[in-house]
Amino acid sequence: MEAPAEPLAAVFRRLIASCGPITLQHFMGEANARYYAGKDPLGSAGDFITAPEISQMFGEMIGLWLADLWIRAGRDEAVHYVELGPGRGTLARDALRVMKRHGLEPRVHFVESSIALKAIQLDAVPQAQWHHDLSSVPMRGPLLVVANEFLDALPVRQLVRTAQGWRERMVDLREDRLVPVAGDRPMDAAVPPEMKDLPEGTLIETCPGAAAVTYEIAGRLAAQGGAALVIDYGHAEPRTGSTLQALRAHTMVDPFAMPGEADLTCHVDFHAMARAAQARGARHLGTVTQGDFLRALGIETRAAQLAAASPQHAGAVRLACERLVAGDQMGELFKVMGLAAPDWPDGAGF
Ligand code: SAH
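Being a predicted model, the structure only gives us computed values, none of them experimental.

Criteria and cut-off values
Residues numbered from 1 in each chain as written. Predicted model: local features only at pLDDT ≥ 70, side-chain atom pairs only at ≥ 80, totals over all residues. Heavy atoms only, no water. Buried < 20%, exposed > 50% of the residue type's maximum accessible area, 1.4 Å probe, protein only. Helix = DSSP H or I, 4+ residues; strand = E, 2+ residues; numbered from the N terminus. Pairing = 2+ DSSP bridges. Right-handed = clockwise from strand over helix to strand, strands pointing away. Contact = heavy atoms within 4.5 Å. Axes fitted to C-alpha atoms, helices over the stretch in contact; angles between N-to-C directions. Parallel < 35°, antiparallel > 145°, perpendicular 65-115°, else oblique. Left-handed = near helix turned anticlockwise from the far one by under 90°. Nonpolar A, V, L, I, M, F, W, Y, C, P; charged D, E, K, R; others polar.

With that settled, the discussion passes to the pairing of strand 3 (residues 107–111). Counting buried residues along strand 3, 4 of its 5 residues qualify, which places the element largely inside the surrounding structure. Alignment of strand 2 (residues 80–84) against strand 3, held across 5 bridges, turns out to be parallel. By the bridge assignment, Y81 is partnered in strand 3 with V108. Chirality of the crossover, the property in question, places the unit of strand 2, helix 5 (residues 90–101) and strand 3 among those that are right-handed. Both strand 3 and strand 4 (residues 129–131) contribute to a ladder of 3 bridges, which runs parallel. By the bridge assignment for strand 4, F110 is matched with W130.

See below:
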């Protein structure tokens, strides 16, 4: 048997003790790589639950949106379904079932880094091909890209305005505890000109990895055709402040206490994502709340249909629908961003 890996907190302590503080971006990247590598964090027995795990209706609405667009774009048969961070493969399975009903049977590509989750995805969608990143996804044929709760797991960089000027947020040791601190090196050059004069204490969070992935998706759409749906919690307008949080067993915990053992996430800056996509030549169809999007696609009709088909589950179906669309649940905080190739039609719901 393999020896259990050394806790990541111990690795960080040793590294910081000998080399000094590390950036928050480094900390979050390593912590999530370790976190996702070894386990299935999803569902009621895990650390958090996602929309496709709440109800099949979520994946069905995504499948419907993609099929509708594909039909109106001219039914190109060489089309690829590409999902980033597909979790248990539930969303893909539900979406592909609906797409097939509309004559859409794309080849399936999963971008996934976790060995543990790959094994579960193989059961759900046996025909999928796996990739480490987008670079090995075929360059010909339109892409139908889906990313649900993927960008929020990518590491962020935080800059904070101190009395001495702008500094990067780092992780340091205080009596053996990992704690966030402001770094020593001046970072004023990294701050956008319009934000330089914000008051002391202001924090700016950016996610270089999320911007890079969005930029790459946009480039592929512009070159190959297709569309993308990016769904996550976040904000459509720029704002300041830290959104870093850690979830373990459905409870918020200190993000610095147990690196690698809790899910670290940040809100997605959809304003920045839309700008990155447009800079690369894709069309921004819009960014709307998850509640508005799912309602526009007819989730309430679908819920009524499912309830009528199995009255013993009617209550559970209604609750699941509520959870996905209600403003005080996932409906407002979660946003849906649509992107498309310049010559593809508009998508429903935007
Ligand atoms: N989309 C799924 C799972 C969300 S959890 C759902 O909605 O249920 C985040 C997913 O992204 C997991 O599958 C995780 O393994 C994957 N992931 C996280 N960081 C990644 C990275 N850097 N590269 C590839 N996959 C990553």
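Turning our eyes to something else, we now look at the environment of R140. With respect to the helices, strands and loops of the structure, R140 is situated in the loop between strand 4 and strand 5 (143–148). Distance in space between the C-alpha atoms of R140 and G225 is 9.1 Å, their sequence separation being 85 residues. Contact partners of R140, with chain neighbours within four places excluded, come to A78, H80 and Q224.

Pairing between the strands of a sheet is mediated by backbone hydrogen bonds and can be parallel or antiparallel. Strand order in this open sheet of 3 strands is 12-11-13, and the pairing throughout is antiparallel. Looking at strand neighbours, the two that pair on one side only are strand 12 (251–253) and strand 13 (263–265), the edges of this open sheet. Between one strand axis and the next, the sheet turns by 40° as a mean value, whatever way the strands run. The pairing of strand 11 (residues 245–248) with strand 12 spans 3 bridges and is classified as antiparallel. Note on strand 12: the bridge partner recorded for R248 is T251.

Another point: the packing of helix 4 (residues 56–72) against helix 10 (residues 299–309). Interhelical geometry of helix 4 versus helix 10 gives an angle of 130° and a closest axis separation of 11 Å. As the angle between them shows, helix 4 and helix 10 are arranged oblique. The way helix 4 lies across helix 10 gives a crossing that is right-handed. Residues Q56, M57, E60 and M61 of helix 4 form the contact with helix 10, whose own contacting residues are I299, R302, A303 and L306. Taken together, the residues that form the contact of helix 4 with helix 10 break down as 5 nonpolar, 1 polar and 2 charged.

Everything listed is a geometric property; what it means functionally is a separate question.
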